[in-house]
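The primary structure of each chain is shown beneath.
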Amino acid sequence: MPPVSRWTVMTVVFGVIAVSIGAVGACSADPRVCPAGITPLSGPPGPCLRFGITTPNGPLEPADAAAVARVTGVSPSINLFFEDFTAIPPIAALNAVVGAGAEPIVTWEPWRHLGDGTYDRTAFSMASIADGTHDDHLYRWADELVAWGSTVYLRFAHEPNGDWYPWSPAGGTSPETYIAAWRHVHDLFASKNAVNVKWVWAPNVPISDAPLSRWYPGAGYVDVLGLDGYNWGSVPGHRWTSPDDLFDSSLDQLRELAPDKPILVTEVGCAEAGGSKADWIADLVDYLDDADGVTGFVWFDHDKEADWGLNSSPEAGRAMARALEEVGLR
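Cut-offs used in this document
- Residues numbered from 1 in each chain as written.
- Predicted model: local features only at pLDDT ≥ 70, side-chain atom pairs only at ≥ 80, totals over all residues.
- Heavy atoms only, no water.
- Patch = residues over 30% accessible without salt bridge, like charges linked within 9 Å, V, L, I, M, F, W, Y side chains within 5 Å.
- Areas by Shrake-Rupley, 256 points an atom, 1.4 Å probe, with all protein chains shown as cover.
- Salt bridge = Lys/Arg side-chain N within 4 Å of Asp/Glu carboxyl O.
- Lys, Arg positive; Asp, Glu negative; His and termini not counted.
- Charge placed at Lys NZ, Arg CZ, Asp CG, Glu CD.
- Helix = DSSP H or I, 4+ residues; strand = E, 2+ residues; numbered from the N terminus.
- Phe/Tyr/Trp six-rings, centres within 6.5 Å; stacked < 30°, edge-to-face > 60°.
- Buried < 20%, exposed > 50% of the residue type's maximum accessible area, 1.4 Å probe, protein only.
- Lys NZ or Arg CZ within 6 Å of the ring centre and 35° of its normal.
- Polar contact = N/O pair within 3.5 Å; in protein donor to acceptor, adjacent residues only side chain to side chain.
- Contact = heavy atoms within 4.5 Å.
- Expected span 1.5 Å × (residues − 1).
- Arc of directions from axis to C-beta.

**Student:** Looking at this structure, I do not really get a negative patch on the surface. What am I missing?
**Tutor:** Together, Asp244, Asp245, Asp248, Asp279, Asp283, Asp286, Asp290, Asp292 and Glu326 line one region of the surface with negative charge. Where the negative patch is concerned, the elements lending two or more residues are helix H7 (243-257) and helix H8 (277-290). Broken down by element, the negative patch gets its largest block of residues, four residues, from H8. Tracing the sequence through the fold places Asp286 in helix H8.

Below is the structure:
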């Protein structure tokens, strides 16, 4: 069946209200108001777009998320954070996210973090994960996440179609090996009855002609389709890119690949240089709110290759606050 439009859901949820307004001859639309509570990311898109963040210090530094909430007037309902493959299960971080009223997405990266932005790219390979070499560690994660009990979204080995990670073809990992590793990890968790662990498969917007389907593990191995994309602006080697130019073709591929799966933009950001970041943010939220099958987005609130944060300028933060208000989130 085709993806469910958010506006189709809104029609059902608020149909009685619309009829009542029409009956009294209202001449202007009321402000859009989202219902209390959040729609699970692994379910069909809810009546309102979900707003999430990832921050430099993760959920154990709540001041980062609080700063975003102050700027936008909205408490994010998704908190995405990163763990390398050597990490112990991040139970404290998960508790912090849930305690703040959000859903956690753990981006689990199969390499070893050495500190100061450096990584051991050879400590783990997708081939060694697929052949069971690291199963003891995987079992620990499965057991402790099952014991934790609440829903956690696991985004394993993201952006495999890029050229910057060792789990990509540029890093020596074929799509076939990538899929074998993904399925092995998933099946091991399934053997431990880890039904509270939901799986987020997240390619990057394509940097080549290779279709996203080359890395897709299969419908039985994925709960949420993720997608990462950035407007790099005038960073050398890039150009200012509108939200529709950035995401249109990838979203079409995802809808064709798995029309029954919800889509979450798992990382998105915009540079300041090259255009109006404020206008781009407004366009992005409007674009995603109208996009069939898209349940929400996670803003990459980091100063990394560029200052992607909502505090990069006063205009950027105000633009996000206005955009979220227009879609009923504040």
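Moving on, there is more to tell.
**Student:** In this structure, what is going on with the packing of aromatic side chains? I would like to understand it.
**Tutor:** Centre-to-centre distance and the angle between the planes together describe a pair of aromatic rings. Summed over the entire model, instances satisfying the criterion amount to 19 aromatic pairs. For the pair Phe51 and Phe297, a centre-to-centre distance of 5.6 Å together with 55° between the ring planes defines the contact as tilted. Taken together, the positions of Phe51 in strand S1 (residues 50-54) and Phe297 in strand S10 (residues 294-300) put the pair 246 residues apart, joining distant regions of the chain. Classification of Phe297 by relative accessible area gives buried; the value is 0%. Both rings, one in Trp111 and one in Tyr165, keep their centres 5.3 Å apart while their planes meet at 80°; by these two values the pair is edge-to-face. Here the residue Trp111 occupies a position in the loop between strand S3 (103-109) and strand S4 (112-115), and Tyr165 occupies one in the loop between strand S6 (152-156) and helix H6 (175-191), the gap between them amounting to 54 residues. The pair Trp111 / Tyr165 is uniform in exposure class, with both members buried. Ring pairing ties together the aromatic residues Phe85, Trp108, Phe124, Trp141, Phe156, Tyr178, Trp182, Phe189 and Trp199, which thus form one cluster. For Arg214, the ring lying beneath its charged end belongs to Trp215, and the centroid distance is 5.5 Å.

**Student:** Can you help me understand the side chain of Thr173 in this one?
**Tutor:** Inspection of the secondary structure puts Thr173 in the loop between S6 and H6. Judged by its relative accessible area of 9%, Thr173 is buried. A polar contact of 2.7 Å, which involves the side chain of Thr173, links it to the backbone oxygen of Pro166. If near-sequence neighbours (up to four positions away) are discounted, Thr173 is found in contact with Met126, Pro166, Trp167, Ser168 and Tyr178.

**Student:** I tried to follow helix H5 (residues 135-148) on my own but got confused; where do I start?
**Tutor:** Think of an α-helix as 3.6 residues a turn; residues three or four steps apart then line up on the same face. Taking 1.5 Å of rise per residue, the 14 residues of H5 would be expected to cover 20 Å, and the 20 Å separating its terminal C-alpha atoms lies within 8% of that figure. Taken together, the buried positions of H5 are Asp135, Leu138, Trp141, Ala142, Leu145 and Trp148. Taken down its axis, H5 places every buried residue within 155° of arc, on the same side. Looking at H5, the residues exposed on the side facing more than 90 degrees away from the buried face are Asp136 and Ala147. Buried-residue contacts for H5 involve strand S2 (78-84), helix H3 (91-99), S3, S6, H6 and strand S7 (197-201).

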